[in-house]
Amino acid sequence: MADLMIQKLRYNEYFGLQETFDNLFKESEKGRYFTDIYKLIISEENILLAFRNLKSNTGSKTRGTNGHTIKHLNKMNADKLIKIIRKRLENYTPHSVKRLFYSEAKRKNETTWNTYN
């Protein structure tokens, strides 16, 4: 767990966002609400950082509801990936997700798959 946190800190520093994230955290502790962070979200550095973090996640190797893994995105050059991500964020609509629920009352003897749209 500590290794993962160190790795993410290195990624944040590599993309030059650690100071920004630290400032956002400090301001949020003071009770500040943020309504103007869209520019940060769609920044080249943030998109590349998010991709780097997702790529290193073991779940990225699992096919999503659209049948894709991270591999098809990894083949693109960075400029194309950033352009696609920004375009998708303009009119973001969430995709369906699979969730696995365990019934605590039944001591995890049953599992239920639900798909939300």
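What counts, and at which threshold
Residues numbered from 1 in each chain as written. Predicted model: local features only at pLDDT ≥ 70, side-chain atom pairs only at ≥ 80, totals over all residues. Heavy atoms only, no water. Patch = residues over 30% accessible without salt bridge, like charges linked within 9 Å, V, L, I, M, F, W, Y side chains within 5 Å. Areas by Shrake-Rupley, 256 points an atom, 1.4 Å probe, with all protein chains shown as cover. Salt bridge = Lys/Arg side-chain N within 4 Å of Asp/Glu carboxyl O. Lys, Arg positive; Asp, Glu negative; His and termini not counted. Charge placed at Lys NZ, Arg CZ, Asp CG, Glu CD. Helix = DSSP H or I, 4+ residues; strand = E, 2+ residues; numbered from the N terminus. Buried < 20%, exposed > 50% of the residue type's maximum accessible area, 1.4 Å probe, protein only. Expected span 1.5 Å × (residues − 1). Polar contact = N/O pair within 3.5 Å; in protein donor to acceptor, adjacent residues only side chain to side chain.

Chemist: What exactly am I supposed to notice about a positive patch on the surface here?
Modeler: Judged by side-chain charge, K61, R63, K71 and K75 come together as a positively charged surface patch. By the secondary structure assignment, K61 is in the loop between α4 (44–56) and α5 (71–74).

Chemist: Even after reading the chapter, I still don't get the pattern of salt bridges, so can you show me in this structure?
Modeler: The tally for this structure, following the rule as stated, stands at three salt bridges. For K30, the salt bridge is made with E27, and the minimal N-O distance between the two is 3.5 Å. Overall, E27 belongs to the partly exposed group, its relative accessible area being 27%.

Chemist: What should I look at first to understand helix α6 (residues 78–90) in this one?
Modeler: Because an α-helix completes one turn every 3.6 residues, residues spaced three or four positions apart along the sequence face the same direction. Between its first and last C-alpha, α6 extends 19 Å over 13 residues, near the 18 Å set by a 1.5 Å rise per residue. For α6, the capping residue at the N-terminal end is N77, with a side-chain oxygen 3.1 Å from the backbone nitrogen of D79.

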